[in-house]
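Given next are the chains, with one letter for each unit.
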Amino acid sequence: MAQIIELTPKNKIEKKKKMDNLTPREIVAELDKYIIGQKNAKRSVAIALRNRWRRQQLDGDLREEVAPKNIIMIGPTGVGKTEIARRLAKLTNSPFVKVEASKFTEVGYVGRDVESMVRDLTEIAKNMVWEEKATVVREIAKKSAEEKILDLLLPPPPSLKKEVTIKDEKSGDQSHLRYYETREKFRKYLSDGKLDDRSVDVEIQERMAPMIEVISGAGLEDMDINIKDMLGNILPKKKKRKKMKVPDAMEVLVEEEAQKLIDMDKVIQEAKERVEQTGILFIDEIDKICGKDSAHGPDVSREGVQRDLLPIVEGSSVNTKYGTIKTDHILFIAAGAFHASKPSDLIPEMQGRFPIRVNLDSLGKSEFVRILTEPKNALKKQYVALMATEGINLSFTENAIAEIASIAETVNERTENIGARRLHTIMEKLIDVISFDAPDLKEKEQNISSEYVKERLSDIIEDEDLSRYIL
């Protein structure tokens, strides 16, 4: 039986503590690396995150009484609402799920029930914890997989039932000694990649596909009982032999060995704790379930969805296939444009559970210039890196960047304001010719100037009807 080992090294604990202990100012500074502007929204999420750390420092009784300060972000699409929440979760390694409120329906209607968001969050947390554990044991698993690969490449002689050790060198059995020396040569070849073209027959566990559809219809993925897992435990596990290259075989065997070394009970326990204490649920399009004046279509369940959401936001127990999850301390961040409604249109109980309201600013030319150039994942940097894979040295002048930002602002004003997403459509149209011809271009230096931008996009900008379809 595989030995269960402790999988939390000191350095990983220290790193996690450091990320959990970020001050609001440090959180904002980290968010500034990826998101331009929106200082008020960043301050709000930074305070909410710091309050989580403060709650952990309290005594047990009072700690349970302190509720998270949920947030409503108000602003048009493309200004960074989702990105702020996503980066916040990534920064603290918190389980994160984004859902659209408009996809949920009141109990009694066909559609997803609101509790499914908690089940999704738990599944993501379980996968996160498993990946962390697998990373820690990968070296140990790799050594075990290496021994199995060597056994396949160089099967031990029948007289040698156990793994060859140094003791065999001292024994008088020359066949054992020769086998040991040859095995060590193969081990070196394996590490040097000289055996990558070899094929081996690997015995792997066969993944059974369901032969019949037991239950169909909406909501199947949210069932508390996992039917496939249940059947998998009852039916014998089948194994099959498969021929594959040595690197592929190594990857499969490392995965299997890592699975043996990981205690899944501890993984599930840690995942549940992480969901309950650090989980973040981002509910987008919250404005779509506001309003009571509805007569037809999906609007009939608007207020009903709010009432179904309320117990989860207030704090309740949700059954998942990994056990019961308490939602009392999950941080909820809601977002919406609120063009046709306002936060006060939410039912009073829901308003009370989102005490922090923050307005996000619309983006203009100056913000677009910064978005194109400053963040770590800036659009300009992305396109330069993409073209570099073809040997093309792509560059932009400052005037070109300013022209692109100006065009994005103009099109947003004339048509629909989709914020920074407009930059994606403009950049794709701008780089279209270079991107298509890149493999065949002899001129590797491609400089984008303001004249080139005007030449490529001026006709579309002048024709408002055309810009509605293209930009």
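On a predicted model such as this, the values are computed, not experimentally measured, just so you know.

Enquirer: What exactly am I supposed to notice about the pattern of salt bridges here?
Expert: For side chains bearing opposite charge, pairing can occur when the charged atoms are close. Counted under the stated rule, the structure contains 21 salt bridges. Linking Arg 274 and Glu 132 is a salt bridge whose minimum nitrogen-to-oxygen distance equals 2.9 Å. Note that Arg 274 is positioned in helix α11 (residues 264-278) and Glu 132 in helix α6 (residues 116-153), a separation of 142 residues in sequence. With relative accessibility at 7%, the residue Arg 274 sits in the buried group. Residue Glu 132 is classed as buried on the basis of its relative accessible area, which comes to 19%. The residue Arg 187 makes a salt bridge to Glu 146 at a minimum N-O spacing of 2.9 Å. Within this pair, whereas Arg 187 is found in helix α8 (residues 174-192), its partner Glu 146 is found in helix α6, the two being separated by 41 residues in sequence. Taken as a pair, Arg 187 and Glu 146 share a single burial class, namely buried. Each of the salt bridges in this network shares a partner with another, and the network as a whole consists of Lys 98, Glu 100, Lys 103 and Asp 284.

Enquirer: I keep staring at the pairing of strand β8 (residues 331-336) and nothing clicks. Help me out?
Expert: A regular strand places its side chains so that they alternate between the two faces of the sheet. Burial runs high along β8: six of the six residues are buried. Taking every second residue as pointing to the same face, both faces of β8 are buried, with Leu 331, Ile 333 and Ala 335 on one and Phe 332, Ala 334 and Gly 336 on the other. Direction of pairing for strand β1 (residues 71-74) relative to β8: parallel, over a ladder of four bridges. When the bridges of β8 are listed, Ile 71 appears paired with Ile 333. Pairing analysis gives four bridges linking strand β5 (residues 280-284) to β8, with the strands arranged parallel. Each bridged residue has a counterpart across the sheet, and for Phe 282 the counterpart in β8 is Ile 333.

Enquirer: Would you mind showing me how to read the sheet that holds strand β2 (residues 96-100) here?
Expert: Pairing between the strands of a sheet is mediated by backbone hydrogen bonds and can be parallel or antiparallel. On the basis of which strands lie adjacent, the open sheet formed by five strands has the order β2-β5-β8-β1-β9 and parallel pairing. Lying at the two open borders of the sheet, with one neighbouring strand each, are β2 and β9 (356-359). For this sheet the average axis-to-axis angle between neighbouring strands, irrespective of direction, equals 20°.

Enquirer: Mind showing me how you'd approach the side chain of Asn 70 here?
Expert: Residue position: Asn 70 is located in the loop between α4 (60-65) and β1. In this structure, Asn 70 is in contact with Val 313, Ile 330, Leu 331, Phe 332, Arg 353, Phe 354, Pro 355 and Ile 356, ignoring residues within four places of it in sequence.

Enquirer: Explain the packing of α6 against α11 here, please?
Expert: How two helices pack is summed up by the angle between their axes together with the distance between the axes. Remark: α6 packs on α11, axes separated minimally by 8 Å, with the N-to-C direction vectors making an angle of 125°. Of the possible angle classes, the one that applies to α6 and α11 is oblique. The crossing of α6 and α11 is right-handed. Residue-level inspection shows Leu 121, Thr 122, Ala 125, Lys 126, Met 128, Val 129, Trp 130, Glu 132 and Lys 133 of α6 in contact with α11, the latter providing Met 264, Val 267, Ile 268, Glu 270, Ala 271, Arg 274 and Val 275. When grouped by side-chain class, the residues that make up the contact of α6 with α11 number ten nonpolar, one polar and five charged.

Enquirer: Explanation requested: the confidence of the model for the protein in the structure shown.
Expert: Segments scoring low in pLDDT should not have their predicted coordinates read at a detailed level. The pLDDT averaged across the protein works out to 79; a share of 78% of its residues lies at or above 70. Model confidence for the protein, summarised as mean pLDDT per element, is weakest for helix α7 (residues 167-170) at 48 and strongest for β1 at 92. Note on residues 1-10: pLDDT under 50 across the span, and 18 contacts to partners over four residues away in sequence or across chains. Contacts of residues 163-170 to residues separated by more than four positions or lying in other chains number nine contacts, the stretch itself having pLDDT below 50.

Enquirer: Would you mind showing me how to read helix α14 (residues 365-373) here?
Expert: Buried within α14 we find Phe 368, Ile 371 and Leu 372. An end-on view of α14 places all buried positions within 95° of arc, on one side of the element. Those residues of α14 hidden inside the fold are in contact with α15 (379-388), α16 (398-414) and α17 (421-437).

Enquirer: What should I look at first to understand the pairing of β1 in this one?
Expert: Here β1 shows a buried face lined by Ile 71 and Met 73 and a second buried face lined by Ile 72 and Ile 74. As paired elements, β1 and β9 share four bridges and run parallel to each other. Each bridged residue has a counterpart across the sheet, and for Ile 74 the counterpart in β9 is Asn 359.

Enquirer: Explain the nonpolar core here, please?
Expert: Proteins that are soluble and globular tend to have nonpolar side chains buried together. Met 117, Ile 149, Leu 281, Ile 283, Leu 309 and Phe 332 are the most contacted members of the largest nonpolar core, which totals 58 residues. At 13 residues, the largest contribution of residues to this core is made by α6. Filtering out sequence-adjacent residues up to four positions away, Met 117 remains in contact with Val 97, Val 99, Phe 104, Leu 281, Ile 283, Leu 309 and Phe 332. Ala 48, Val 79, Leu 423 and Ile 431 belong to the second largest nonpolar core, which has 56 residues in total.

Enquirer: Help me understand the environment of Lys 376, please; the structure alone is not making it clear to me.
Expert: Take Lys 376: it is sitting in the loop between α14 and α15. Among all residues touching Lys 376, those that are not within four sequence positions of it are Lys 33, Tyr 34 and Lys 381.

Rules and cut-offs
- Residues numbered from 1 in each chain as written.
- Predicted model: local features only at pLDDT ≥ 70, side-chain atom pairs only at ≥ 80, totals over all residues.
- Heavy atoms only, no water.
- Salt bridge = Lys/Arg side-chain N within 4 Å of Asp/Glu carboxyl O.
- Helix = DSSP H or I, 4+ residues; strand = E, 2+ residues; numbered from the N terminus.
- Buried < 20%, exposed > 50% of the residue type's maximum accessible area, 1.4 Å probe, protein only.
- Pairing = 2+ DSSP bridges.
- Axes fitted to C-alpha atoms, helices over the stretch in contact; angles between N-to-C directions.
- Contact = heavy atoms within 4.5 Å.
- Parallel < 35°, antiparallel > 145°, perpendicular 65-115°, else oblique.
- Left-handed = near helix turned anticlockwise from the far one by under 90°.
- Nonpolar A, V, L, I, M, F, W, Y, C, P; charged D, E, K, R; others polar.
- pLDDT = per-residue confidence, 0-100.
- Arc of directions from axis to C-beta.
- Core = buried A, V, L, I, M, F, W, Y, C linked by side-chain atoms within 4.5 Å.

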